[in-house]
Amino acid sequence: MAAAAFLAAPLAAQESAAPPPQGGVVVLNQEQLVSGTRFGQRIQRELEAASSALSAQNRRIEAQLTEEELDLTELRDTMAPEEFRALADEFDTRVEEIRAAQAAKARDLQTQAEAAQSRFFELSFPILLELVRDRGAAVLMDSRAVLLSAESVDITAAAIVRIDGELGEGGDTPLISVDGVYPVAPDSPVLPQEDTDVPPPVELETDPDAPSGAEETE
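Residues numbered from 1 in each chain as written. Predicted model: local features only at pLDDT ≥ 70, side-chain atom pairs only at ≥ 80, totals over all residues. Heavy atoms only, no water.

## Details of the packing of helix 5 (residues 81-134) against helix 6 (residues 156-167)
Turning to step 1, where the next piece is worked out: At a minimum axis separation of 10 Å, helix 5 and helix 6 run at an interaxial angle of 125 degrees. Relative to helix 6, helix 5 is oriented oblique. Between helix 5 and helix 6 lies a crossing of right-handed hand. Contact residues: Phe120, Leu123, Ser124, Ile127, Leu128, Glu130, Leu131 and Asp134 in helix 5; Ala158, Ala159, Arg162, Ile163, Glu166 and Leu167 in helix 6.
Turning to step 2, where the next piece is worked out: Grouping the constituent residues of the contact of helix 5 with helix 6 by class yields nine nonpolar, one polar and four charged. (Axes fitted to C-alpha atoms, helices over the stretch in contact; angles between N-to-C directions. Helix = DSSP H or I, 4+ residues; strand = E, 2+ residues; numbered from the N terminus. Parallel < 35°, antiparallel > 145°, perpendicular 65-115°, else oblique. Left-handed = near helix turned anticlockwise from the far one by under 90°. Contact = heavy atoms within 4.5 Å. Nonpolar A, V, L, I, M, F, W, Y, C, P; charged D, E, K, R; others polar.)

Okay, structure coming up:
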């Protein structure tokens, strides 16, 4: 996680200009910090919305590819084998391009989510540092690395309140979005897009004269 590095080291060592406070250790649950703050909740909302939009696009693409595959199947008996093979090969190539582009979109979503969370911890660090000093502590640790501690040393709840008060939702600029996610016109060919849900393979009926590439689109 983005905050792991600074949670693992004494805070005084990370800001050498400040005199080391006299005190002990306080702990913080990073997962609760993200899920409990307005900023962290906003990151999760945007990720879920973008993922849902991408899934909906994938379903539209899947439906249209299935329709195109059925149209191609109907043409098989009306065409010479070599002509059908050329169309089938083009269809298979386009399907692979679409799948690769959709997969790239899913990877980009994950990258954006990680960047947003890193930004959250970057902005939260000065607030956490101030809170640790207010408690007279010298070290902040991830609570998941602590076997046992008194409830009074856990600053998670206090950190959520303070971060909400100073950062709110982290601004108005979207943190996570998907480029090129838009409704596909039902009568237009599916162009290569950029996967959360990759369309499953679309199978054609087997035929000794049919090219192997047309039998499945995966």
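Next, the rest of the story.
## Topic: the packing of aromatic side chains
Turning to step 1, where the next piece is worked out: Scanning the entire structure with this criterion turns up two aromatic pairs.
Turning to step 2, where the next piece is worked out: With a centroid separation of 5.4 Å and an interplanar angle of 85 degrees, the aromatic rings of Phe39 and Phe120 are classed as edge-to-face. Of the two residues, Phe39 sits in helix 4 (residues 38-75) while Phe120 sits in helix 5, which places them 81 residues apart along the sequence.
Turning to step 3, where the next piece is worked out: Among the residues examined, Phe39 registers a relative accessible area of 1% and is labelled buried.
Turning to step 4, where the next piece is worked out: For Phe120, a relative accessible area of 0% translates into the label buried.
Turning to step 5, where the next piece is worked out: Aromatic side chains Phe120 and Phe121 sit 5.1 Å apart centroid to centroid with 70 degrees between the ring planes, which places their arrangement in the edge-to-face category.
Turning to step 6, where the next piece is worked out: Taken together, the aromatic side chains of Phe39, Phe120 and Phe121 make up a single cluster linked through ring pairs. (Phe/Tyr/Trp six-rings, centres within 6.5 Å; stacked < 30°, edge-to-face > 60°. Buried < 20%, exposed > 50% of the residue type's maximum accessible area, 1.4 Å probe, protein only.)

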